[in-house]
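Letter by letter, the chains look like this.
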Amino acid sequence: MADVLSQSQIDALLNSMQNSGAEDVAEEPKKPEKEYKKYDFFSPKKYTKDKLKMLSSIYDNYSRIAASQINGLFRVASEVEVMGVEEQRYYEFGNALNESDVLTIADVELPDRSNNPPMLIHINPMLMASMIDRMLGGTGTDMTVDMSYTYTDIELALYAKIIKYLVMITKDVWAGYINLDVSFERIEENPSMFQGISVDETVVIIMLSIKMGEIEGIMNICMPGTLLSNIFEIIDKTKHLAKKSDAALYRNSREDIMDNIKEAKMDIMAQLGIARMNLDDVYNLHVGDVIDLNKPQNSLVSLYIEGQPWFNGQLGVHNKNMAVKIEDRILACNDDGTDTGLEADNDSVAV
């Protein structure tokens, strides 16, 4: 026989069901919290998004040239792309390096001959070991190389030879903005010993992803803030001067063209009228014959300049010579029927 619930048990069961239903209704799905990037007011950003975007565009071209260089050097299909362009302090870049890492130091000479800190390049050890292995005739597929890998003297010599190819193309990708010279200086085996850049100086890190077959690694290019500021200043100044020079060149060229035109000699012909005759009538013309031009006696004549009608004028005499007095300007039209801009003019000039 089934158990029978008492009244108190029934009330308790109803209350528990009501409370659980209320809690289910009250619970709403939580919205994901937006993540905001913290801004450090003690070290504000130095470069605008436009400047960083310009660097990204420049090193997109660098990626394409670097990929072709790697393909030719190591006979392997490679992919190079820009992963990002970040602004940070130099100590943040330095702290991310290991003592066994190798830095490439490249001198950058600007057109103004100013003294600038060098540009630094760091390549992932596994990626560089693969390049060296392929250069020595290996397969370059060793994936056991870690960040603590230490290069031998022979490998360092090959490291320098490989990195020179990647340094040389920097000049070409910047050529559209500024003429700078980039040269390989040396390899620094201990990054902590390098003192060419202040630890608090702002730097921009360009991160490139390089994939060679199964091996993939990162190449970081560190550009000091002092160097970038001088580069951007020269670029902005060059653009400003280019605009001025273009305007001045346009004015000078226009004046030179007008001066040359003023000295040009042009044929001017006054057309009295037009008559149509048979060849037989022309053949039988004699001195004293009269040709009817089908125009009134005092009608205007047309002035042609280099075969083009420009003015209407009145025949007359000036200083005992035949002359034409300009009465108005002929309103000429182009072949498509549009106005050429030659409007009527009431000025009268003796010619």
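Residues numbered from 1 in each chain as written. Predicted model: local features only at pLDDT ≥ 70, side-chain atom pairs only at ≥ 80, totals over all residues. Heavy atoms only, no water.

Draft legend 1. Inspection of the packing of aromatic side chains at higher detail. Scanning all chains against the criterion turns up six aromatic pairs. Geometrically, the ring pair formed by Y59 and Y62 is tilted, given 5.4 Å between the ring centres and 50° between the ring planes. Residue Y59 and its partner Y62 are located together in helix 2 (residues 49–74), separated by three residues, close to a single helical turn. In this structure Y62 comes out as buried when scored by relative accessible area, which is 0%. Seen from their ring centres, Y151 and Y159 are 5.4 Å apart, and the 75° between their planes marks the pair as edge-to-face. Exposure class is identical for Y151 and Y159. Each is buried. Of the aromatic side chains, those joined through ring pairs into one cluster are Y149, Y151 and Y159. Stacked on the ring of F232, the Lys or Arg K51 has its end atom at 4.8 Å from the ring centre. (Phe/Tyr/Trp six-rings, centres within 6.5 Å; stacked < 30°, edge-to-face > 60°. Helix = DSSP H or I, 4+ residues; strand = E, 2+ residues; numbered from the N terminus. Buried < 20%, exposed > 50% of the residue type's maximum accessible area, 1.4 Å probe, protein only. Lys NZ or Arg CZ within 6 Å of the ring centre and 35° of its normal.)

Draft legend 2. Quick look at the sheet that holds strand 1 (residues 78–89). Strand order in the open sheet made by the six strands is 1-5-6-3-2-4, with antiparallel pairing throughout. Each of the sheet's edge strands pairs with one partner strand only, and the pair in question is strand 1 and strand 4 (181–188). Put simply, the sheet's adjacent strands are angled 20° from each other on average, direction ignored. Its contacts with the sheet place helix 4 (residues 125–135) against strand 3 (119–123), strand 5 (202–212) and strand 6 (215–224), and it is angled at close to 50° to strand 5. (Pairing = 2+ DSSP bridges. Axes fitted to C-alpha atoms, helices over the stretch in contact; angles between N-to-C directions. Contact = heavy atoms within 4.5 Å.)

Draft legend 3. Seen up close, helix 4. Burial within helix 4 is extensive, with eight of its 11 residues counted as buried. Inspection of helix 4 places P125, M126, L127, M128, A129, S130, M131 and I132 among the buried residues, and these make up the whole buried set. For helix 4, the elements touching its buried residues are helix 2, strand 3, helix 5 (153–168), strand 5 and strand 6. N-cap assignment for helix 4: the residue whose side-chain oxygen lies 2.9 Å from the backbone N of M126 is N124. Residue G137 follows helix 4 closely and has a positive phi angle near 100°. (Polar contact = N/O pair within 3.5 Å; in protein donor to acceptor, adjacent residues only side chain to side chain.)

Draft legend 4. Spatial organisation of the pattern of salt bridges. Summed over the entire model, instances satisfying the criterion amount to five salt bridges. Taking the shortest distance from any N to any O, the salt bridge between R186 and E188 comes out at 3.4 Å. Of the residues examined, E188 reaches a relative accessible area of 15% and is grouped as buried. Shared partners join several salt bridges into a network, and the residues in it are E185, R186 and E188. (Salt bridge = Lys/Arg side-chain N within 4 Å of Asp/Glu carboxyl O.)

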